[in-house]
Each structure stands twice: as structure tokens, then as C-alpha cells.
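Descriptive analysis of the structure
Take a look at the letters that make up each chain.
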Amino acid sequence: MTPFARLLCALVFTASRNAKLRVLRRYFEATPDPDRGWALAALCGKLDLRSVKPAVIRALVEERVDPVLFRLSYDFVGDLAETVALIWPDTGAKGAPLLLSEAVDALRAAGRQEAPALLARMLDRLPADERFALIKLATGGMRVGVSERLAKTALAQMSADVSLEDIEALWHGLEPPYVPLFAWLEGRAGAPSVDLALAFRPMMLAHPIEAALYSAGEQRENTQGEALTLARMAERLSPADFIAEWKWDGIRVQAIATPSGQRLYSRTGEEIGGAFPDLLAAMRWRGAVDGELLVMRDGEPAPFADLQKRLGRKAVSARMLREFPAHIRAYDLLHDGERDLRDLPLAERQARLQDWLARETPVRLDLSPPVPFESWEGLGQIRAGARAAAQEGLMLKRRDAPYVGGRPMGPWFKWKRDPLSADCVLMYAQRGHGKRSSFYSDYTFGAWTLGEDGPRLTPVGKAYSGYTDDELKELDRWIRAHTTDRFGPVRAVEPALVFEVAFDAVQRSSRHKSGIAMRFPRIKRIRWDKPAHEADRLDTLEAMIAQ
Amino acid sequence: MSVDANGYLTLNDAGLYCPAGDFHIDPLRPVARAVVTHGHGDHCRPGMGKLLCTPQTAAIARVRYGETAFGQIETLALGEVLRLGEVSIWLAPAGHVLGSAQVVIEGKHGRAVVSGDYKRRFDPTCAPFEPVACDLFVTEATFGLPVFTHPPIEGEIGRLLASLATFPERAHAVSVYPLGKCQRLIAELRRAGWEAPIYLHGSLRKLTDLYEQLGVAMGPKLDATAARKEEMAGQIVLAPASALRDTWARRLPDPVICAASGWMRVRQRARQGGVELPMVISDHADWGELCATILETGAQTTWVTHGAEDGLVHWARTQGLTAEALAIAGRENGAEGEAE
Ligand SMILES: [Zn+2]
Ligand SMILES: [Zn+2]
């Protein structure tokens with residue numbers, strides 16, 4: 001348990017992605033099987049040890065610690081697992097060190113009846129850091145800022161021959177504690193053999209069209225006009241080589257159905273089928289489809305906010321299913337039955353997708369039809385005309401391109417519609433992390449509302465990006481010079497600086513005081529010139545809410 | 001001993017006062033005569049008519065506030081007895097920082113001890129705490145909750161040295177208090193075999209030099225503000241937390257921000273401060289040591305101040321002792337920062 005506890009501790013306090021990768025890689029290299037595999041499973045949320053609930057842990061500690069002292073401590077610390085780990089009395093019991101795999105095996109074998117006593121005996125053997133690790137392990141939810149993808153990236157770094165894509169291609173056929181995976185990564189064995197029929201296929205992703213047209217220094221939205229983009233497209237890309245289709249505003253999914261079951265995966269390969277029983281039940285067809293998950297009513301896609309209500313739910317009520325019916329709009333066919341189509345050119349796959357739809361007549365699944373066009377200019381007009389909430393913009397895909405996992409440069413581009421924008425006033429600034437830790441780099445901005453005592457600012461969003469390094473320095477100086485109040489790492493500033501904020505959409509939100517939430521806000525321009533009272537009002541933003 | 005020593009101490013608007021001897025202990029505002037436990041700013045304040053303390057604390061007070069900040073400075077060596085009015089007082093080592101002392105007040109009604117800040121662990125920079133049997137014990141409670149157990153310092157220093165080996169291209173910037181923590185950390189690093197020069201923020205220099213003059217070896221030190229950026233890669237830099245949060249830190253090469261404090265025991269708190277390498281190193285007693293010290297003094301009455309009073313008062317009462325929380329204004333430090 002010691003190395004795993006140290007790993008968690010290091011991850012909690014490491015902000016930068018690269019440093020986290022280093023910490024993970026060192027752990028995987030230094031820790032023997034099967035401990036490292038169980039740690040990997042725990043980090044990726046693949047370890048199901050739900051035999052111990054937080055209430056059980058609380059009861060255990062209250063048998064051992066004065067309840068008044070426990071309550072005072074819990075108030076101070078704020079996190080149950082950490083409070084219990086710190087306050088658990090040291091018994092001085094010194095057995096052999098507890099291995100992570102021993103703890104996992106014991107907890108997996110234990111039923112609800114014996115799990116609490118078992119956990120208590122293990123806690124008695126451990127120092128505080130390791131108690132914390134064990135409690136996190138037993139209750140699930142590591143929350144150490146490591147995504148499944150980051151963990152897999154660290155694994156790929158262990159080997160010169162195995163890439164992240166190689167790992168992802170097999171991942172869904174692998175089981176904890178991943179002994180064959182580590183043998184493969186260490187060159188002691190070949191790739192593990194797994195049944196991949198229901199496994200996630202690495203998704204093909206697109207670059208923004210601007211990436212192909214502008215050099216790195218040019219890429220900021222605010223310097224480029226539509227006309228320049230079109231001129232460069234006409235110069236460099238031939239319309240005849242491309243198929244255009246709408247980029248729907250849902251989430252990209254991969255739906256797979258075989259005789260042995262159905263799976264629904266997100267873009268990163270996470271299984272999300274649990275939240276969409278209506279879709280799984282409708283997947284009576286055979287194949288693998290790449291498409292957009294949407295909430296659909298009367299054949300019309302609903303705004304993204306409706307889909308959000310369905311995401312990440314463990315239990316889905318009948319009412320949710322009725323009011324927010326899920327649907328897949330298909331872009332591509334990766335498998336027709338057992339036949340893998342990914343090596344075929346897109347034009348061929350699209351023809352097969354249409355045949356397949358006619359043959360299988362699926363429900364809750366329809367075609368995202370290609371958008372016919374002659375010239376980039378003409379397509380630009382179609383794109384500009386589309387303000388329907390559910391269309392984020394257009395996808396441009398080369399007719400001759402096979403389907404390859406990852407984000408290759410060249411075959412696929414996204415041409416998003418112009419973002420919305422509003423002028424907002426900087427209200428609070430917070431210090432960043434890592435390299436930015438001495439800079440105020442996270443900004444909360446507001447829009448005007450009319451209060452009883454005159455105009456007031458209501459926070460409407462937060463942005464961490466969209467400015468250059470030089471602008472960051474200037475902003476940092478301005479913030480330090482215009483601070484009105486401080487709370488920990490946050491400074492309140494005079495309402496005197498206007499940001500032109502770009503965002504993809506505005507949604508209604510009951511979680512925010514303003515009643516709205518912006519999607520992907522970023523700073524488009526710093527309006528040093530603009531007086532704050534001329535910034536936008538909240539009702540201007542409300543009028544942008546996607547209908 | 002009689003059990004009426006309570007009468008030797010009262011609380012007024014300047015803090016703890018001994019009417020029988022007509023002096024305050026660690027007063028909050030200028031008074032005629034102040035007996036001061038140690039040099040930290042929340043205990044030793046300028047403007048006192050007469051300051052009475054150990055010779056080391058006097059030297060620290062002069063460096064911090066200048067010669068003219070006090071009407072008169074009188075020193076009392078550890079164990080030396082002084083008659084003040086109806087009582088005798090003497091100072092016993094508190095093990096907190098160089099010069100720190102407990103104030104013992106003795107008279108015909110018994111004995112009261114005011115601990116000031118104290119710790120029970122070994123510290124190469126100051127004399128170790130000595131428990132004094134008494135009737136009334138006034139204890140600090142900075143870490144007065146059972147979640148606080150300070151681990152052995154060797155392990156914490158070891159983690160810093162391990163990180164230096166892992167990230168040899170990064171400066172390791174440790175936030176420290178300028179009095180006590182800074183010098184103890186230097187001394188512990190030397191004990192662990194770190195012989196390289198240690199880079200200091202300018203505000204740490206004067207007190208560190210004073211420690212050396214008072215006989216505590218510190219080894220080679222360099223000025224971090226004057227150093228070139230590259231030369232601090234893989235080196236240890238000590239600075240106050242405020243400097244590491246500010247533009248000053250930009251002179252350091254890709255710094256690993258470290259902090260040495262008892263508060264680092266609680267992850268969530270350490271993370272909020274943007275700390276990458278938290279070291280649980282404290283100059284205060286931890287929970288177990290607070291409890292053990294109360295029992296060791298044999299005091300029937302305990303007054304608790306300076307931190308998380310509620311937990312310790314509750315515990316003392318469960319032991320059948322009389323205990324009260326003393327709410328001394330200006331001492332409610334709570335979670336905001338380590339009370340010095
Ligand atoms: Zn103090
Ligand atoms: Zn102190």
C-alpha cells in the first residue's frame with residue numbers, strides 16, 4: 001500500500017500534465033504485478049469495490065474516536081476520507097506491510113457483512129497516508145486529477161514499440177490487474193489476445209480548418225476574417241475532394257452491437273451505455289456506427305442542455321426517458337455486421353452506410369445526410385445560414401480517406417460556425433497552477449443587471465484561455481494594481497476592464513446565479529479601450545439562449 | 001502546593017495579566033511591563049515600557065524592531081529567578097524557536113505556567129522543552145485537533161531531497177516563517193547531509209545571521225534575489241509564502257513550490273495554497289503532545305488559547321480536569337496560517 005499511497009499523494013499535488021505522466025510512469029515501472037494493475041484499475045475507475053459505503057466508515061471511526069472530537073475535526077478538514085485517515089488511532093500494530101493486491105483481494109471477497117470489520121483491521125495496520133489510500137480505494141472515486149487517457153499515455157511511454165493507439169485498440173478487451181498488458185509493454189510478451197468484437201475502436205478526430213490554413217502565430221480567432229479563410233481554402237483545398245456534413249451539437253459516440261451485446265462509447269472510449277438504456281434496447285442491428293448522440297423530439301435535435309440532463313446518470317427515470325429521448329445521428333459505418341469497413345475510402349463507407357440503414361431499418365438512429373455544395377463560397381453561405389442550435393458547424397471529410405484512429409492532419413476538418421460573443425467586465429481573478437502559479441490567469445467576468453441600487457455585475461462565466469503570454473503579464477499587472485479585496489488565491493478587482501468573450505452557445509442553468517451558462521468561453525479580445533459601463537447586459541446574453 | 005494559582009492570572013484588554021506582580025505576558029498592545037515568551041510577532045510586539053525575556057529573545061526583538069522600540073530591555077536567563085511584587089518568576093525552555101520560554105509564576109498560592117508556543121520534538125536550533133509541574137497550565141492549541149500528528153522530520157526532509165533528485169532542473173522553493181522555521185529547516189538539511197549553499201529570500205537573512213551569531217551553525221547561504229536563474233536549478237530556496245505567491249517567484253527556474261508547516265498534514269489545505277510538495281514540519285506540539293504535556297504538568301486547571309481551543313478543552317474535561325478556553329483577541333488564528 002505504501003507505493004500506491006505515495007502515488008496518490010504525488011498526483012494530488014502535481015499540477016502539470018507532464019509531471020503527472022512522469023510520476024505515473026515511474027510508479028508503473030517500479031511496482032510489481034499485480035499491484036500496479038490494481039492501481040491502474042483504481043485510477044481508471046475500473047475497480048468495483050462498492051462493499052463499503054461512507055456511512056460505514058463514519059460508524060467505524062465513531063466507535064474509536066470521541067464523537068465531539070471527530071465532529072470538530074471533520075468540520076475543520078471537510079473531507080470524510082481524509083478526516084478518518086488522519087484521526088484513526090494508531091494502534092502500533094506492526095504486521096507485514098499490506099500489499100495493494102492483498103487489500104483488493106480481501107475487499108473483493110468480502111460481503112457487505114464482513115467488509116467493515118475487515119476494513120477496520122486493515123486500517124489498524126497502516127499509517128495515515130496509506131489509510132487515506134485504502135479508504136479511497138474502498139469507497140471509489142480517486143479524484144486525483146488523472147483521466148483514463150492520461151494513465152494510458154503514461155503506459156505508452158513505458159514502451160518504445162507500443163503506442164497510445166495500440167493500447168486503446170485493445171483496452172476494452174483487457175481486465176484488471178492487466179498482467180498481460182504490462183508484459184507486452186515491457187517487451188516480455190506479444191500483444192494480449194482479447195475478444196474485440198465489442199471493444200471500442202479508436203475514434204477518428206478532426207482538426208479545425210484554421211489549423212490547415214494558418215500558421216501557429218496567426219491562429220487566434222480575432223485576427224482572422226471569414227474572407228481570408230475562404231480565400232485560403234479556395235487556394236489550397238479542392239471542393240471536389242471533400243464531403244461536407246453538419247457537425248451536430250451533441251456528443252460523439254460509437255455504438256456497437258453484436259450477437260453478444262451492445263456497447264455505447266464516448267469519444268475517449270468510456271462506456272456510457274448505462275445512462276442510455278433506451279438506446280441500448282434499440283440496438284437490434286449488427287455493426288459499429290460512428291455518430292452523434294442527441295436528444296431528439298419529433299425528428300428535431302434538442303439543444304445540448306437537454307442532452308446534459310441525461311449524461312452521467314446512474315439511474316434513469318421513466319420520466320427522463322420520455323422527456324429526453326436519446327437518438328444517434330450516424331456519420332459513418334465502421335463495421336457492417338462482422339465486416340470491418342475502416343480501410344475503405346469514406347465515399348465507399350457512406351454508400352454502405354446508406355445500404356445498411358435501408359437493410360437494418362434501425363430505430364432511434366438516422367443518417368446525418370451529406371450537405372451538397374459546389375464551391376467553398378457556396379458552402380460558407382450554407383454554414384452562415386445555419387443558426388439552428390443543434391448545428392455546431394460543418395465537417396469536411398476527404399472522400400478517399402480511410403477511417404484511422406487518432407487525429408491525423410489532412411483528411412478531416414471541422415469548420416465551426418462563428419462563435420457568439422459578448423463584452424463582459426472582469427470581476428475576479430485567480431492564480432493559475434504550475435507555470436502560471438504566480439500569475440492571475442483564471443478570470444471570472446460579469447454582465448450588467450439593474451439592481452435596486454443601480455447597475456450591478458452578475459458573474460456569467462470563467463475563462464482561462466484566449467490570451468497571449470504577453471497579454472497574461474499585462475493582465476496580471478493590471479489585476480495587482482486594481483485589487484479591491486482578496487480571499488485566498490482570489491482577488492476581486494475594480495469593475496473597470498472589459499473582455500470581449502467568445503463562446504459557442506448560451507444555455508439556461510439553475511446552478512448559476514445568473515441563470516445562464518456559457519459553453520467554452522474564452523477571451524477573444526481585451527478591450528483596454530472600452531469603458532466598463534458600455535459592456536453587455538445580462539438580458540443580451542439571455543436573448544442568445546439556444547432555442 | 002496550594003491550588004489557588006488561578007489568582008495569579010487574569011485577562012484584560014491587553015491580554016494575560018498578573019496582578020500580584022503587575023506585568024503582562026505577551027501583551028497585545030503596549031503596556032508598562034511585558035514578559036515575553038518568544039520573538040514571534042503575535043507574542044512580542046513593539047512599544048513596551050519594559051521588556052523582560054531571555055537574552056536570545058531580546059536579541060531577536062532588537063533585530064526585528066530596532067533598539068528604540070522598547071523603553072528598556074531586561075533579560076532573564078533560563079532558570080534565573082526574579083522577584084516581582086508578591087510573586088517570583090522564572091523562565092523554562094519551550095523548545096519552540098531560539099530563545100523561546102515558558103513563564104513560571106510562583107507565590108504562596110501555588111504555581112502557574114504560561115507555555116507560550118512550544119514543541120516536544122528535537123530541534124537543533126534551540127533548547128528542548130522542559131515540563132514544569134504546576135497548578136494552572138496555560139497551553140497553546142495551534143494544532144489542537146486529533147487529526148494533527150506530526151510525522152518524524154527526517155522523513156519530511158527525505159521527501160524534499162528525493163524530489164531534488166527527481167527534478168534536478170527545477171529549483172525547490174520552500175515557504176517558511178522567517179523566525180524559527182527557516183533556521184530549523186536549514187539545520188535539519190545540514191543534518192541530513194545537504195551541504196550545498198541554501199538560497200535565501202532577503203527577508204530571511206537578518207534573523208538567520210543572528211542565529212549564527214548566537215552560536216547555531218547554518219552552513220553556506222546565498223542571496224536568492226541576487227542569484228542568476230540557472231544557478232538555482234536543483235537547489236533549495238527558502239522564502240516567505242507571500243514571496244512565492246508573488247512576482248518574486250518568477251526569478252526561479254520552474255520552481256517546485258514546497259511548504260514546511262504543520263497545516264500541510266491536511267491535503268485539501270495544502271492544495272489550496274498551490275503547494276506541490278507539502279512537508280509536515282511544525283514548531284508546535286501536535287495533538288498527542290498537547291494532551292501528554294497537560295497530563296505531565298499535573299495541573300488541575302488548564303487554560304487553552306491560541307488555536308483550536310474547543311477540542312483540547314473538551315478532551316481535558318473528559319480527563320476530569322478543569323479547563324477553559326481563553327479567547328484572547330488577536331490570537332484567533334484558526335486555519336488561516338500557522339500561528340507563530
Ligand atoms: Zn504564537
Ligand atoms: Zn511562535
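This text goes with the structure placed above it.
Since the structure is predicted, the reported quantities are computational estimates derived from the model, not experimental observations. (Residues numbered from 1 in each chain as written. Chains lettered and ligands numbered in written order. Predicted model: local features only at pLDDT ≥ 70, side-chain atom pairs only at ≥ 80, totals over all residues. Heavy atoms only, no water.)

**What to know about the overall build of chain B**
Summing up its helical and strand segments, chain B has 8 helices and 19 strands in all. Put simply, chain B has 340 residues, and 60% of those count as buried. Taking all contacts inside chain B whose residues are at least 6 apart in sequence as the whole, residues at least 24 apart take part in 61%. Just so you have it, chain B exposes about 12100 Å², and 53% of that area is on carbon and sulfur atoms. (Helix = DSSP H or I, 4+ residues; strand = E, 2+ residues; numbered from the N terminus. Buried < 20%, exposed > 50% of the residue type's maximum accessible area, 1.4 Å probe, protein only. Contact = heavy atoms within 4.5 Å. Areas by Shrake-Rupley, 256 points an atom, 1.4 Å probe, with all protein chains shown as cover.)

**Observations regarding the overall build of chain A**
Of regular secondary structure, chain A possesses 21 helices and 20 strands. Across the 547 residues in chain A, those meeting the buried criterion constitute 52%. Across chain A, contacts joining residues at least 24 apart in sequence account for 69% of those joining residues at least 6 apart. Counting only carbon and sulfur atoms, one obtains 50% of the accessible surface of chain A, whose full area is about 24900 Å².

**Some thoughts on the pairing of strand S19 (residues 322-325) of chain B**
Sheet topology note: the strand S18 (residues 301-307) of chain B/S19 of chain B ladder contains 4 bridges and is parallel. Counterpart to Val-304 of chain B in the pairing with S19 of chain B is Ala-325 of chain B. (Pairing = 2+ DSSP bridges.)

**Examining the sheet that holds strand S4 (residues 33-35) of chain B**
Residues and elements named next belong to chain B. Pairing is mixed in the open sheet, where 6 strands are placed in the order S1-S2-S3-S4-S5-S6. Across the chains shown, the open sheet's two edge strands, defined by having one partner strand only, are strand S1 (10-12) and strand S6 (72-75). Neighbour-to-neighbour, the strand axes of the sheet open up by a mean angle of 35 degrees, direction not taken into account. Sheet topology note: the S1/strand S2 (residues 15-18) ladder contains 3 bridges and is antiparallel. The residue of S2 that forms the bridge with Leu-11 is Leu-16. (Axes fitted to C-alpha atoms, helices over the stretch in contact; angles between N-to-C directions.)

**Considering the interface of chain A and chain B**
On the chain B side, the residues contacting the 29 residues of chain A number 30 residues. Carbon and sulfur atoms make up 59% of the area that chain A and chain B hide from each other, which totals about 2800 Å². Here chain A and chain B share 4 salt bridges between them. Applying the counting rule to chain A against chain B returns 7 residue pairs in polar contact (both at pLDDT 80 or more). Elements with a contribution of two residues or more to the side of chain A that touches chain B: helix H1 (2-13), helix H2 (17-30), helix H5 (67-77), helix H6 (80-87), helix H9 (128-139) and helix H20 (469-481) of chain A. Looking at which element gives the most residues to the side of chain A that touches chain B, the answer is H5 of chain A, with 6 residues. (Buried area = accessible area lost by both parts, 1.4 Å probe. Salt bridge = Lys/Arg side-chain N within 4 Å of Asp/Glu carboxyl O. Polar contact = N/O pair within 3.5 Å; in protein donor to acceptor, adjacent residues only side chain to side chain.)

**A few points about the packing of aromatic side chains**
Summed over the entire model, instances satisfying the criterion amount to 21 aromatic pairs over all chains. Judged by centre distance (5.6 Å) and plane angle (70 degrees), the rings of Phe-76 of chain A and Phe-148 of chain B are edge-to-face. Separated into two different chains, Phe-76 of chain A in helix H5 and Phe-148 of chain B in the loop between strand S11 (136-141) and helix H2 (153-166) make up a pair that spans both. Note on Phe-148 of chain B: relative accessible area 1%, which makes it buried. Ring centres of Tyr-443 of chain A and Tyr-467 of chain A lie 5.6 Å apart, and the angle between their planes is 70 degrees; on these two criteria the pair is classed as edge-to-face. Highlighted residues: Tyr-443 of chain A in strand S13 (residues 440-451) and Tyr-467 of chain A in the loop between strand S14 (454-463) and H20, separated in sequence by 24 residues. Tyr-443 of chain A gets classed as buried once you look at its relative accessible area, which sits at 0%. Within the aromatic cluster, the residues linked to one another by ring pairs are Phe-76 of chain A together with Phe-143, Phe-148 and Trp-263 of chain B. (Phe/Tyr/Trp six-rings, centres within 6.5 Å; stacked < 30°, edge-to-face > 60°.)

**With respect to the packing of helix H7 (residues 100-109) of chain A against helix H8 (residues 115-125) of chain A**
Packed helices, taken two at a time, are described by the angle between their axes plus the distance between the axes. Residue and element names in this part refer to chain A. Between H7 and H8, the least distance of the axes is 10 Å, while the angle of their chain directions is 165 degrees. Put simply, H7 runs roughly antiparallel to H8. Crossing angle aside, the handedness with which H7 passes H8 is right-handed. Facing H7, whose interface residues are Glu-102, Ala-103, Ala-106 and Leu-107, H8 presents Leu-118, Met-122 and Arg-125. In the contact of H7 with H8, the residues fall into 5 nonpolar, no polar and 2 charged. (Parallel < 35°, antiparallel > 145°, perpendicular 65-115°, else oblique. Left-handed = near helix turned anticlockwise from the far one by under 90°. Nonpolar A, V, L, I, M, F, W, Y, C, P; charged D, E, K, R; others polar.)

**A look at the sheet that holds strand S17 (residues 277-279) of chain B**
Residue and element names in this part refer to chain B. Pairing is parallel in the open sheet, where 6 strands are placed in the order S14-S13-S15-S12-S16-S17. In this open sheet, the two strands that pair with only one neighbour each are strand S14 (221-223) and S17. In this sheet, neighbouring strand axes are inclined to one another by 30 degrees on average, regardless of whether the strands run parallel or antiparallel. Bridge count for strand S12 (residues 172-175) against strand S15 (residues 236-239) is 4 bridges, and the pairing is parallel. Paired with Ala-173 across the two strands is Val-237, which belongs to S15. Packed on one face of the sheet, helix H3 (residues 181-191) meets S12, strand S13 (198-200), S15 and strand S16 (256-260) and runs near 170 degrees to S13.

**Structural notes on unusual backbone geometry**
What you tend to see is this: most non-glycine residues have negative phi, and most peptide bonds are trans. Residue and element names in this part refer to chain A. A cis geometry characterises the amide bond from Asp-33 onward to Pro-34, with omega recorded as -5 degrees. Among the secondary structure elements, Pro-34 is positioned in the loop between H2 and helix H3 (35-43). In this model, Pro-176 is joined to Pro-177 through a cis peptide bond whose omega is 5 degrees. Its location among the elements puts Pro-177 in the loop between helix H11 (164-171) and helix H12 (179-185).

**Quick notes on the packing of H1 of chain A against H3 of chain A**
Residue and element names in this part refer to chain A. The interhelical angle for the contact between H1 and H3, taken along N-to-C directions, is 35 degrees, at an axis separation of 11 Å. You can see that H1 and H3 cross each other, and the crossing is right-handed. Packed against H1, whose contacting residues are Phe-4, Leu-7, Leu-8 and Leu-11, the element H3 presents Ala-39, Ala-42 and Leu-43 at the interface. Of the residues belonging to the contact of H1 with H3, the class tally is 7 nonpolar, no polar and no charged.

**A look at the nonpolar core**
Core analysis: the biggest nonpolar cluster contains 90 residues, and Phe-4, Leu-40, Leu-134, Leu-137 and Leu-155 of chain A have the highest contact counts within it. Examining the composition of this core, we find that 8 residues originate from one element, H1 of chain A, more than from any other. Residue contributions to this core reach at least three from each of two domains, namely domain 1 (10-147 + 283-325) and domain 2 (153-279) of chain B. Every residue in contact with Leu-40 of chain A, bar those within four places of it in the chain, is listed here: Phe-28, Ala-151, Leu-155, Trp-171, Tyr-178, Leu-181 and Phe-182 of chain A. In this structure, Ala-59, Ile-60, Ile-153 and Ala-187 of chain B belong to the second largest nonpolar core, which totals 33 residues. (Core = buried A, V, L, I, M, F, W, Y, C linked by side-chain atoms within 4.5 Å. Domains from an automatic or database assignment.)

**Side note on the side chain of Thr-14 of chain A**
With respect to the secondary-structure elements, Thr-14 of chain A resides in the loop between H1 and H2. Looking at Thr-14 of chain A, the relative accessible area reads 8%, which means it is buried. Ignoring sequence-local partners within four residues, the contact set of Thr-14 of chain A consists of Ala-19, Lys-20 and Val-23 of chain A together with Glu-276 of chain B.

**A short note on the pairing of strand S2 (residues 242-248) of chain A**
Residue and element names in this part refer to chain A. S2 sits mainly inside the fold: 7 of its 7 residues count as buried. Direction of pairing for S2 relative to strand S10 (residues 391-398): antiparallel, over a ladder of 7 bridges. Looking across to S10, one finds that Ile-243 is bridged to Lys-397.

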